[in-house]
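# Structural overview
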Amino acid sequence: MPPETYLRSGQVAERAGVNPQTLRYYERRGLIAEPVRSPGGHRAYPPETVTLLTVIKAAQRLGFTLDEVAELLDTGRRGHPTPDLRARAQAKITEVEARIADLTTIRAALTEVVSAGCDSLTNCTCPDCPLPFAGLAEGR
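These notes cover the structure that comes with them.

Rules and cut-offs
- Residues numbered from 1 in each chain as written.
- Predicted model: local features only at pLDDT ≥ 70, side-chain atom pairs only at ≥ 80, totals over all residues.
- Heavy atoms only, no water.
- Helix = DSSP H or I, 4+ residues; strand = E, 2+ residues; numbered from the N terminus.
- Buried < 20%, exposed > 50% of the residue type's maximum accessible area, 1.4 Å probe, protein only.
- Contact = heavy atoms within 4.5 Å.
- Polar contact = N/O pair within 3.5 Å; in protein donor to acceptor, adjacent residues only side chain to side chain.
- Expected span 1.5 Å × (residues − 1).
- Salt bridge = Lys/Arg side-chain N within 4 Å of Asp/Glu carboxyl O.

Per the secondary structure count, the protein includes five helices and two strands. Helices and strands in the protein line up, N terminus first, as α-α-β-β-α-α-α. Burial statistics for the protein: of 140 residues in total, 24% are counted as buried. Long-range pairs, those at least 24 residues apart, make up 44% of the contacts in the protein between residues at least 6 apart in sequence.

Structurally, V55 is set in helix α3 (residues 48-61). Overall, the relative accessible area of 45% leaves V55 in the partly exposed class. With 39 residues separating them in the primary sequence, V55 and A16 have C-alpha atoms 9.6 Å apart.

Right, let's talk about the side chain of E27 for a bit. Assignment of secondary structure puts E27 in helix α2 (residues 20-29). At 2.3 Å, the side chain of E27 and the side chain of Y45 are in polar contact. In this structure, E27 is in contact with I32, A33, E34, P35, R43 and Y45, ignoring residues within four places of it in sequence.

Here α3 is 14 residues long and its end C-alpha atoms lie 20 Å apart, about the 20 Å a rise of 1.5 Å per residue gives. Listed as buried for α3 are T49, V50, L53, I56 and A59. Considering only its buried residues, α3 is in contact with α1 (9-16), α2 and α4 (66-77). Two residues or fewer after α3 comes G63, characterised by a positive phi angle close to 105°.

Attention shifts here to α4. Between the first and last C-alpha of α4 there are 16 Å, a value that for twelve residues agrees with the 16 Å anticipated at 1.5 Å per step. When α4 is considered as a whole, its buried residues turn out to be L66, V69, L72, L73 and T75. Buried residues along α4 sit in contact with α2, α3 and α5 (84-116). Looking one or two residues beyond α4, the residue adopting positive phi is G79, at roughly 85°.

What follows concerns the pattern of salt bridges. Enumeration according to the criterion identifies six salt bridges in this entry. When the shortest N-O distance is used, the salt bridge between R43 and E27 registers 3.4 Å. With R43 in strand β2 (residues 43-44) and E27 in helix α2, this pair connects stretches of sequence that are 16 residues apart. Here E95 ties to R99 by a salt bridge, and the two come within 3.7 Å at their closest N and O atoms. Here R99 and E95 lie together in helix α5, a separation of four residues that amounts to about one turn. Among the residues examined, E95 registers a relative accessible area of 36% and is labelled partly exposed.

Dropping the structure here:
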């Protein structure tokens, strides 16, 4: 590839919406290939790096950890289709649904606290305090 088609770290970072430290971190993790060096010693990335970074960030927004993204990328780099992404996405849906249930429970509890007029975590003076531990601080 001609040298003028390569991108410098700042260009890649800007186009992908990440900071340059992220590039180096992803290199160390093996998520993106270590770039070639220009004659002046600057990192020179192929344009596809921007696309790869965009894919990595999109996978993270879907809830995949960097370890999971690395495994999925490795599977994809082998060049043969596997049901791995589908299975992992289904597992991630289950995980997200559990978090939604937890957050719904937390929201309901907070709504009770606000509605009851709670004024202290340990010495609440509202009648019928919904905080299960407010009385524990006083030994009740």
